[in-house]
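The lines below spell out each chain.
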Amino acid sequence: METEDRELRERLRRLRVDPPDGGFDAMLRRRLLVEGPPPPASIWGRVRLALEPRGRLLWPAAGVAAGLAVFLALSLVRGRAGPGPDRAVAATRLPATKIAVVRLNLSAEAAVESAHIRVRLPPELAFWADGEELPERTFEWTQPLRSGDNEIPIAVRGQRPGRYRIAVSARIGDERVEDEVVLEVVDG
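It should be emphasised that the depicted structure is a prediction, and the values quoted were computed from it without experimental measurement. (Residues numbered from 1 in each chain as written. Predicted model: local features only at pLDDT ≥ 70, side-chain atom pairs only at ≥ 80, totals over all residues. Heavy atoms only, no water.)

### Points about the sheet that holds strand β7 (residues 148–158)
At step 1: Across the sheet, which stays open at both edges, the four strands sit in the order β2-β7-β4-β5 with antiparallel pairing between neighbours. Two strands close off the open sheet at either side, each with one partner strand: β2 (99–108) and β5 (132–133).
At step 2: Relative to β7, β2 runs antiparallel, the two sharing ten bridges. Bridged to Ser107 within β7 is Asp149. (Pairing = 2+ DSSP bridges. Helix = DSSP H or I, 4+ residues; strand = E, 2+ residues; numbered from the N terminus.)

### Some remarks on helix α2 (residues 24–35)
At step 1: With twelve residues, α2 should reach 16 Å at 1.5 Å per residue; the first-to-last C-alpha distance of 17 Å fits that figure.
At step 2: Among the twelve residues in α2, one count as buried, and that is only a small part of the element.
At step 3: Looking one or two places after α2, you find Gly36, whose phi comes out positive at around 80 degrees. (Expected span 1.5 Å × (residues − 1). Buried < 20%, exposed > 50% of the residue type's maximum accessible area, 1.4 Å probe, protein only.)

### A look at the pattern of salt bridges
At step 1: Taken as a whole, this structure holds four salt bridges when the rule is applied.
At step 2: Across the pair Glu180 and Arg165 runs a salt bridge, and its minimum N-O distance is 2.5 Å. With a gap of 15 residues between them, Glu180 in strand β9 (residues 175–186) and Arg165 in strand β8 (residues 162–172) connect regions that are remote in the sequence.
At step 3: Judged by its relative accessible area of 44%, Arg165 is partly exposed.
At step 4: Here Glu178 and Arg176 are joined by a salt bridge, their closest N and O atoms 2.8 Å apart. (Salt bridge = Lys/Arg side-chain N within 4 Å of Asp/Glu carboxyl O.)

### Comments concerning the nonpolar core
Side chains that are nonpolar tend, in soluble globular proteins, to be buried together.
At step 1: With 23 residues, the main nonpolar core has Leu104, Leu125, Ile154, Val156 and Ile166 as its most contacted residues.
At step 2: Every element with two or more residues in this core is listed here: β2, β3 (112–120), β4 (125–129), β7, β8 and β9.
At step 3: Sorting elements by how many residues they give to this core places β2 first, with five residues.
At step 4: If sequence neighbours within four positions are ignored, Ile154 has contacts with Ala100, Val101, Val102, Leu104, Val119, Phe127 and Trp141. (Core = buried A, V, L, I, M, F, W, Y, C linked by side-chain atoms within 4.5 Å. Contact = heavy atoms within 4.5 Å.)

### Quick look at the environment of Glu109
At step 1: Relative to the elements of secondary structure, Glu109 occurs in the loop between β2 and β3.
At step 2: Expressed as a C-alpha distance, the spacing of Glu109 and Arg146, which sit 37 residues apart in the sequence, is 8.7 Å.

### Description of a nonpolar patch on the surface
At step 1: Together, Phe24, Met27, Leu28 and Leu32 give the surface a local cluster of nonpolar side chains, amounting to about 420 Å² of exposed area.
At step 2: Of note, Leu28 is situated in helix α2.
At step 3: Taking relative accessible area as the criterion, Leu28 reaches 40% and is therefore assigned partly exposed. (Patch = residues over 30% accessible without salt bridge, like charges linked within 9 Å, V, L, I, M, F, W, Y side chains within 5 Å. Areas by Shrake-Rupley, 256 points an atom, 1.4 Å probe, with all protein chains shown as cover.)

### Let's talk about the confidence of the model for the protein
At step 1: This prediction gives the protein a mean pLDDT of 77; 74% of its residues lie at or above 70.
At step 2: pLDDT under 50 marks residues 80–88. Its contacts with residues more than four places away, or in other chains, come to six contacts. (pLDDT = per-residue confidence, 0-100.)

### A closer look at the packing of aromatic side chains
At step 1: A full pass over the atoms with the stated rule returns one aromatic pair.
At step 2: Aromatic side chains Phe127 and Phe139 sit 4.6 Å apart centroid to centroid with 65 degrees between the ring planes, which places their arrangement in the edge-to-face category. Of this pair, Phe127 sits in strand β4 while Phe139 sits in strand β6 (residues 138–145), and the two are twelve residues apart along the sequence.
At step 3: Residue classification places Phe127 among the buried positions, given a relative accessible area of 3%.
At step 4: The class for Phe139 is partly exposed, based on a relative accessible area of 29%. (Phe/Tyr/Trp six-rings, centres within 6.5 Å; stacked < 30°, edge-to-face > 60°.)

### Details of unusual backbone geometry
At step 1: The phi dihedral of Asp130 is positive, around 55 degrees, even though this residue is not glycine.
At step 2: Here Asp130 lies in the loop between β4 and β5.

### What about the side chain of Asn150?
At step 1: Along the polypeptide, Asn150 turns up in strand β7.
At step 2: Only 3.2 Å separates the side chain of Asn150 from the backbone oxygen of Gly148, close enough to count as a polar contact. (Polar contact = N/O pair within 3.5 Å; in protein donor to acceptor, adjacent residues only side chain to side chain.)

### A word on the pairing of β4
At step 1: β4 sits mainly inside the fold: four of its five residues count as buried.
At step 2: Sheet topology note: the β4/β7 ladder contains three bridges and is antiparallel. Counted as the bridge partner of Ala126 is Arg157 from β7.
At step 3: With two bridges joining them, β4 and β5 adopt antiparallel strand pairing. Across the sheet, Trp128 pairs through a bridge with Glu133, a residue of β5.
At step 4: Where β4 hands over to β5, the hairpin turn is made up of two residues, of which Asp130 adopts a positive phi near 55 degrees.

Given below as C-alpha cells:
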C-alpha cells in the first residue's frame, strides 16, 4: 500500500512540471495561460446553452406554434368579415301585404350539442306567429345542430317599402358566426 501511495505522489509531482517546449500540448497550455479565463457568457448565450439539448425540437415547435397562431388569427378575421364589395348580397322581394317565411340555413361541419342563435330585425320588419305581429325585434334561443344543413324557418312581414337587413348570429363555444339576410319590401 505504501508503494502505491508513493507512486501516486510521484505521478502528481510530474503533473506540476510543464511539458516539453516543442509539443502542441505545451504550446496550447501556454496560450491558454496567457489568455486567462473566458469572459462570462451573455444572457442569450446562457439561454442558448440551456436549450441546446432540446434545440432539435424547440425551433421546429416554435415555427409550428407561430404558423398555428397566424392561421387562427386569419380564421377569426375572415369569420367576422361582413358583406364586402367581393361578396354579392341577394335580396328577396316581399310584397308589403304578405308574410314571408325566411329560411335560415345554419351549416355545421360536425354535430353541435348547443348553439346559441340570435335573429334581430330592423324596426321596419316584424316577426309573425299565429297570424299576429309580435312586438319583439330580437329572438334568441339555444338548440343543437346536426352535421350538415340546419334549416330554421322564421315568419316576417314588412311594414313599409324599402331594403332591410335581418341580422343572424350563432355562437358555438367561443366561436361566433355572423351573417345577414336582405329583404326588399315592395308595394302590393
